[in-house]
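Examination of the molecular architecture
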Amino acid sequence: MARTHVICPLMCLSEYLQFFNITIIVVRESYPSWSKVGAGQREELDWRDVVTEAEQIVGYPTSFLNLRWLLNDEIANTAIHLRKLVGTNHPLLKSAKNLLIGSKSNLQSVGLIILLVSKAAGLPRDHTNDQHTSGVLHAQRALAEIVEMKRTGHIIHKTMANLQDKEKHGDKYNDLLYGNKIVLLTGDYLLATCLKNLGKLRNNDVTELISTGLRDLVEGDFLGERDYENNPLPSRPKASNDFKTNYNWQSEDNLSKLGSNDYLGRGKDEFLLRTMLTSGSLLGKGCQGAMKLARRGEQMERDAYILGGHLAIIWQLYLDVRDFFTHPYSYSLVGAPVVLAIWEYPTVYSYILEAKIEKRPIEYKQLYYAVRSTRALEYLTLFLEDETAAILKISDRFPIDDARNAIQKMALMIHDETLQYMQ
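Here the structure is a predicted model, which means the values were calculated and not measured.

How each quantity is defined
Residues numbered from 1 in each chain as written. Predicted model: local features only at pLDDT ≥ 70, side-chain atom pairs only at ≥ 80, totals over all residues. Heavy atoms only, no water. Helix = DSSP H or I, 4+ residues; strand = E, 2+ residues; numbered from the N terminus. Buried < 20%, exposed > 50% of the residue type's maximum accessible area, 1.4 Å probe, protein only. Contact = heavy atoms within 4.5 Å. 1 Å grid on protein atoms, 1.4 Å probe; cavity = no way out; pocket = protein on both sides within 12 Å on 5 of 7 lines; lining within 4 Å. Points joined across faces, edges and corners; volume = space filled by probe spheres on them. Core = buried A, V, L, I, M, F, W, Y, C linked by side-chain atoms within 4.5 Å. Phe/Tyr/Trp six-rings, centres within 6.5 Å; stacked < 30°, edge-to-face > 60°. Lys NZ or Arg CZ within 6 Å of the ring centre and 35° of its normal. Salt bridge = Lys/Arg side-chain N within 4 Å of Asp/Glu carboxyl O. pLDDT = per-residue confidence, 0-100.

**Overview of the environment of Met-410**
Take Met-410: it is sitting in helix α16 (residues 401-422). Given the relative accessible area of 4%, Met-410 is considered buried. C-alpha separation for the pair Met-410 and Ile-113, spaced 297 residues apart in sequence, amounts to 9.4 Å. Residues contacting Met-410, with those up to four places away along its chain left out, are Trp-47, Val-50, Ala-54, Leu-112, Ile-113 and Leu-116.

This is the structure we're talking about:
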């Protein structure tokens, strides 16, 4: 199936951007552990190849996932107003561009992963031919769209420009304020449409599951301390004797509140909690909800949730490592490299604490070199290998070969490319 490119109203903001075209190595051999993978035959693929192959497997080009949501009068009217923001550098413009590209940082992959997990699990025994396409139920496709657009709406909300210091923005203040109004209306429209379509599935268990995923997203935005620009800050590191157990997100009741503030300041535990709240919960619950719609049983539901969670974690590791090495002046302070470095060497936290006390910007470049001087990258490598091995192991429980292999290819590619950044 040839990849379909879609022109939507947001195209007026920028030229249509191309996919990443980064060649990496993918391993197909069996694995007792990730450290032993590598002796088998390797195949060079790029992300575009893997996504295209995955779309062929689920019979649903990713570019179509947004069609019913973006090609309508409401969004078309919004696009007209967005033209007024060109030249203002409002954060919404960058998000609008990201909706039009296919990459490992693009939201579209969330829906594609849910479709792959749905296909990998197989159809219910009592299904009829008119209930599915290419091995994926129509209800599962609808759920993939809902989850993707729910996350899109939430991220659009997060593109609000900080206008507390009116003097700082000068003549652009009114334009940015206008952009913030568009952010609120667009995000609210997408979230409201999600809830309406979620109700159309007529499955109370799935509705509860996805609704708690949105709850977790919001909670993740208010977790821990924030700076004067409302960006998240890592927590003060705790002594190792202050706790006895690590955060085990796989065993907790995901309908209840995830984790606890007690895990803040504990390196890997803090990273896992933040990731599960901001992305892992919704993706995992989207995969779990797809199993509920297909009536695959409690064990398969749990496996799907865990698989989605691990995919979100390895994805976040990739994004954090990429941003840390490519943007040494503007990376996330709660990203994996910084959080793990602070956990190993608490003195690294002084760069953040001093800036907070003195009410001045953090010296990102100095912090960057401080993190590089620790063993954080070694821990990141072990963390990455553990997550990859977990994805390969849990995905092997899904019976349909082609979809399962596509999921594993994604994980292996993200693993290899993350290592390239660290090397």
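**Some details on the layout of surface pockets**
It is the rolling of a water-molecule-sized probe over the atoms that shows where space remains empty. Here the second largest pocket is characterised by a volume of approximately 480 Å³. As for the second largest pocket, its lining consists of 24 residues, and the residues nearest its centre are Lys-268, Asp-269, Leu-272, Phe-383 and Asp-386. For the lining of the second largest pocket, the secondary-structure elements that each account for two or more residues are α10 (268-293), α11 (298-326), α12 (336-344) and α15 (376-395). Of all the elements, α15 adds the most residues to the lining of the second largest pocket, at 8 residues.

**Looking at the nonpolar core**
Ranked by internal contacts, the top residues of the largest apolar core, which has 103 residues, are Leu-116, Val-117, Leu-143, Leu-367 and Phe-398. Sort the elements by how many residues they give to this core and α11 lands first, with 16 residues.

**Describing the packing of aromatic side chains**
Geometry of an aromatic ring pair is reported as the spacing of the ring centres plus the angle between the planes. The full count for this structure, using the stated rule, is 10 aromatic pairs. Each ring, one from Tyr-331 and one from Tyr-364, has its centre 5.2 Å from the other, and the planes form 80 degrees; the classification is edge-to-face. Remark: Tyr-364 occurs in helix α14 (residues 364-372) and Tyr-331 occurs in the loop between α11 and α12; sequence separation between them is 33 residues. You'll find Tyr-331 and Tyr-364 in the same group, each marked buried. A cation sits over an aromatic face here: Lys-268 above Phe-383, 4.6 Å from the ring centre.

**Some thoughts on the pattern of salt bridges**
This model, assessed by the stated rule, comprises 17 salt bridges. Note that Glu-219 is salt-bridged to Lys-257, the shortest N-O span being 3.3 Å. Of this pair, Glu-219 sits in helix α9 (residues 204-221) while Lys-257 sits in the loop between β6 (232-233) and α10, and the two are 38 residues apart along the sequence. For Glu-219, a relative accessible area of 21% gives the class partly exposed. Salt bridges sharing common partners tie together Arg-215, Asp-216 and Lys-285.

**Some details on the confidence of the model for the protein chain**
Per-residue pLDDT for the protein chain has a mean of 82; in total, 79% of the residues score no lower than 70. Overall, residues 1-44 carries pLDDT values under 50, and its contacts beyond four positions in sequence, including any with other chains, amount to 105 contacts.

**Thoughts on unusual backbone geometry**
One non-glycine residue, Ser-134, adopts positive backbone phi at about 55 degrees. Within the element layout of this structure, Ser-134 appears in the loop between β3 (132-133) and β4 (136-137). Phi angles above zero are rare outside glycine, and Arg-295 is one such case at about 55 degrees. By secondary structure assignment, the location of Arg-295 is in the loop between α10 and α11. The class of Arg-295 is exposed, set by a relative accessible area of 54%.

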